[in-house]
Amino acid sequence: MGASQPEPHPGESDKVAHPFKVIAVTVAAAVGGLLFGFDTAVINGAVDAIGEEFTLSPGILGFTVAITLLGCAAGAWFAGQLADRLGRKKVMVGAAILFAANSVGSAYAFSEWDLMWWRLVGGLAIGTASVIAPGYIAEVAPSKWRGALGSVQQLAITLGIFAALLSDAFLADAAGSALGELWWGLAAWRWMLLVGVLPAIVYGVLALTIPESPQYLVRHNRDEDAARVLRSVSGVQDTDLKIRQIRESFNSKKPTFKDLRGPKFGLQPILWVGMAIAAFQQLVGINAIFYYSTTLWKSVGFSESDSFTTSVITSVINVVMTIVAIAFVDRIGRRKLLMIGSAGMFVGLLMATVSFSQAEGIGDSVELTGIWGPVALVGANLFVIFFAATWGPVMWVTLGEVFPNNIRSLALGLGAMVNWIFNFIVTLSFPWVSDNFGVWIMYAIFTIFAVISFWFVKTKLPEFSGRDLEDREGLETT
């Protein structure tokens, strides 16, 4: 748990034979994360125009946006099963096809129900990408680099969000508004959704060029292919030993959901750990903070027209601090980084809670007078900084590596599904609680979960930094 670099494991060289290759493979797989971020954020620039075009009530419009999260949960649930059956690469290609279909279908939607369907398809793609990328990266990455390489997934997500914001702003500006007409007679908001086809094609092409996961190849008795990947990508010298370790970590039969059963409330204990980490990442309120960011900035004097600038600032913070996480996740370790994040988020959320408890008005008419506006603004941005440097990327790293080989894909899918379900719950509950009880109540709840997340990581989460995926010593009874 210290800051020193772990010793290389048996069979793994001290220096990766082809570092450029493992980085290139990681980046290719992480393009799914870029699409993940792009597709979740691109709707922000189009949502008001969609409401006007289809004359939607606030409730229907909100559900049209949020339905993607239900698709994400379903995609995450099935992705692990498909990855074990068809292979990681084929599932990535399938996700790319779904991303492209969602972009085209949403752009040409003729009613709110049609748009909801395509938003659901997009959710299936996002949920699939959220499972397949961290799992694949964990399986090909050298142990001592796995945290940093796994964090590239979150970096790609933040870059995807940033790209979506820039794309939305450019298209809206070119047309005069999101409802303005652009090329081929399509409104700007439709182009915002259609442009996602380009990264989807890139993702599909890259997925076809990367090697299959060694764990999948060993499970399907393709030892020579597995040895080739282990040697050329992961930097393993003694491939026979490594393949034997991988095979011994599997059960003789193919994994099923029965293999997730265990003595702790019907599941294996490590599954509860992974699901809790996935839930806490949402329960600290990251999506609600982004949801209310415009109000925060308006409370200290910014006009609503400056909302794009503030969103870009937030997305830049996300990108920069994720790079910080990449630099430190393998040096400091997962547990320490998550606990630092929980402590920092607690301070930021407490500042926002106290500030909004002094607010005048409710809902969209909230006003923070005197010092409370700047205090809330500093608190919210402090929260984003600590989240982006810790819980944002490290949660996905943890889900990718903490489960045993024989159930990793299924367990990772379950953990990701939990993350998306809590994302959906927080996204829908935040406006309602804020309007009826005051936004400070919601921030107080997030603050409490930041405290609980610190305690949980400190007492329940094993440190996996530097371990081989096959090294389960001390984990099965956690």
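Residues numbered from 1 in each chain as written. Predicted model: local features only at pLDDT ≥ 70, side-chain atom pairs only at ≥ 80, totals over all residues. Heavy atoms only, no water.

Asker: For the overall build of the protein, give the residues involved together with the corresponding values.
Answerer: Helix and strand counts for the protein stand at 20 helices and zero strands. A total of 478 residues make up the protein; the buried ones form 59% of that total. Restricting the contact set of the protein to residue pairs at least 6 apart, pairs at least 24 apart contribute 80%. When the accessible surface of the protein is totalled, it reaches about 19200 Å², and 66% of it is carbon and sulfur. (Helix = DSSP H or I, 4+ residues; strand = E, 2+ residues; numbered from the N terminus. Buried < 20%, exposed > 50% of the residue type's maximum accessible area, 1.4 Å probe, protein only. Contact = heavy atoms within 4.5 Å. Areas by Shrake-Rupley, 256 points an atom, 1.4 Å probe, with all protein chains shown as cover.)

Asker: Which residues make up the environment of G123, and what are the values?
Answerer: Examined against the element boundaries, G123 turns out to sit in helix α5 (residues 112–140). For the pair G123 and D39, spaced 84 residues apart in the sequence, the C-alpha separation amounts to 8.6 Å. Setting aside residues up to four positions removed in sequence, G123 forms contacts with T68, G71 and C72.

Asker: Now, about helix α20 (residues 439–460): what can you tell me, with residues and values included?
Answerer: Within an α-helix, residues lying three or four positions from one another point in the same direction, as the helix has 3.6 residues per turn. In this model α20 runs 31 Å from its N-terminal to its C-terminal C-alpha over 22 residues, within 8% of the 32 Å that 1.5 Å per residue would give. Along α20, the residues that are buried comprise V439, M442, Y443, A444, F446, T447, A450, S453, F456 and V457. (Expected span 1.5 Å × (residues − 1).)

Asker: Can you break down the packing of aromatic side chains residue by residue, with the values?
Answerer: Under the definition given, this model contains eight aromatic pairs. Each ring, one from W183 and one from W191, has its centre 5.2 Å from the other, and the planes form 90°; the classification is edge-to-face. When the ring of Y443 is compared with that of F446, the centres are 6.2 Å apart and the planes differ by 70°; the resulting orientation is edge-to-face. Residue Y443 and its partner F446 are both found in helix α20; the two are separated by three residues, about one turn of the helix. Residue classification places Y443 among the buried residues on the basis of a relative accessible area of 0%. These aromatic residues form a ring-pair network of at least three members: F280, F449, W455 and F456. (Phe/Tyr/Trp six-rings, centres within 6.5 Å; stacked < 30°, edge-to-face > 60°.)

Asker: Any details on the side chain of S106? Residues and values, ideally.
Answerer: In this fold, S106 is placed in helix α4 (residues 88–107). If near-sequence neighbours (up to four positions away) are discounted, S106 is found in contact with L115, W118, R119, W189, R190 and L193.

Asker: Tell me about the pattern of salt bridges, residues and numbers included.
Answerer: Across all of its chains, the model carries two salt bridges by this definition. When the shortest N-O distance is used, the salt bridge between R222 and D225 registers 3.2 Å. A relative accessible area of 38% places R222 in the partly exposed class. In this structure, the salt-bridge partner of D225 is R228, at a minimum N-O distance of 2.8 Å. In this pair, D225 and R228 are both assigned in helix α10 (residues 223–232), three residues apart and thus about one turn of the helix distant. What makes D225 partly exposed here is its relative accessible area of 26%. Beyond isolated ion pairs, a larger network of salt bridges with shared partners links R222, D225 and R228. (Salt bridge = Lys/Arg side-chain N within 4 Å of Asp/Glu carboxyl O.)

Asker: Mind laying out the packing of helix α18 (residues 391–401) against helix α19 (residues 408–437), listing which residues take part and the relevant values?
Answerer: In the contact formed by α18 and α19, the axes pass within 8 Å of each other and the chain directions differ by 150°. By the criterion of interaxial angle, the relationship of α18 to α19 is roughly antiparallel. Here α18 contributes M395, W396, L399, G400 and E401 to the contact with α19, which in turn contributes R408, L412, G415, A416 and N419. A class-by-class count of the residues in the contact of α18 with α19 yields five nonpolar, three polar and two charged. (Axes fitted to C-alpha atoms, helices over the stretch in contact; angles between N-to-C directions. Parallel < 35°, antiparallel > 145°, perpendicular 65-115°, else oblique. Nonpolar A, V, L, I, M, F, W, Y, C, P; charged D, E, K, R; others polar.)

Asker: Can you tell me about the environment of M275, naming the residues and giving the values?
Answerer: With respect to the helices and strands, the residue M275 is situated in helix α12 (residues 269–283). Placed 141 residues apart in sequence, M275 and A416 show a C-alpha to C-alpha distance of 7.9 Å.

Asker: Can you tell me about the confidence of the model for the protein, naming the residues and giving the values?
Answerer: Mean pLDDT over the protein: 77, with 80% of residues reaching 70 or higher. Across the protein, element-level confidence peaks in α20 with a mean pLDDT of 91 and bottoms out in helix α14 (residues 293–299) with 58. (pLDDT = per-residue confidence, 0-100.)

Asker: Could you give an account of the packing of helix α16 (residues 334–357) against α18, with specific residues and numbers?
Answerer: For any two helices packed against each other, one specifies the crossing angle of their axes together with the interaxial distance. At a minimum axis separation of 10 Å, α16 and α18 run at an interaxial angle of 145°. The two elements α16 and α18 cross, and the hand of that crossing is left-handed. Contacts between α16 and α18 involve R334, L337, L338, G341, S342 and M345 from the first element and W391, V394, V397, T398 and E401 from the second. Its residues assigned to classes, the contact of α16 with α18 comprises six nonpolar, three polar and two charged. (Left-handed = near helix turned anticlockwise from the far one by under 90°.)

Asker: Mind laying out the environment of Y216, listing which residues take part and the relevant values?
Answerer: Structurally, Y216 can be placed in helix α9 (residues 214–219). A C-alpha to C-alpha distance of 9.6 Å links Y216 and Y136, two positions 80 residues apart in sequence. With near-sequence residues (within four places) excluded, Y216 lies in contact with A83, D84, R85, L86, G87, R88 and R222. A distance of 3.4 Å separates a polar side-chain atom of Y216 from the backbone oxygen of L86. (Polar contact = N/O pair within 3.5 Å; in protein donor to acceptor, adjacent residues only side chain to side chain.)

Asker: Provide a residue-level description of the nonpolar core, including the pertinent values.
Answerer: Formed by 105 residues in total, the largest nonpolar core has its most connected members in M92, F99, Y203, F383, W391, W420 and Y443. F38, I43, A46 and L194 belong to the second-largest nonpolar core, a separate cluster that totals 24 residues. (Core = buried A, V, L, I, M, F, W, Y, C linked by side-chain atoms within 4.5 Å.)

Asker: Go over a nonpolar patch on the surface, please, and point to the residues and values.
Answerer: Judged by side-chain polarity, V104, Y108, F170, W183 and W184 come together as a nonpolar surface patch covering roughly 640 Å² of accessible area. On the secondary structure map, V104 appears in helix α4. On the basis of relative accessible area, V104 is assigned to the partly exposed category, the value being 38%. (Patch = residues over 30% accessible without salt bridge, like charges linked within 9 Å, V, L, I, M, F, W, Y side chains within 5 Å.)

Asker: Would you mind going over the side chain of S130 in detail, with residue names and values included?
Answerer: By the secondary structure assignment, S130 is in helix α5. At 3.1 Å, the side chain of S130 forms a polar contact with the side chain of W420.

Asker: Can you tell me about unusual backbone geometry, naming the residues and giving the values?
Answerer: Residues other than glycine seldom take positive phi values, yet N221 does so here, at roughly 60°. In this structure, N221 sits in the loop between α9 and α10.

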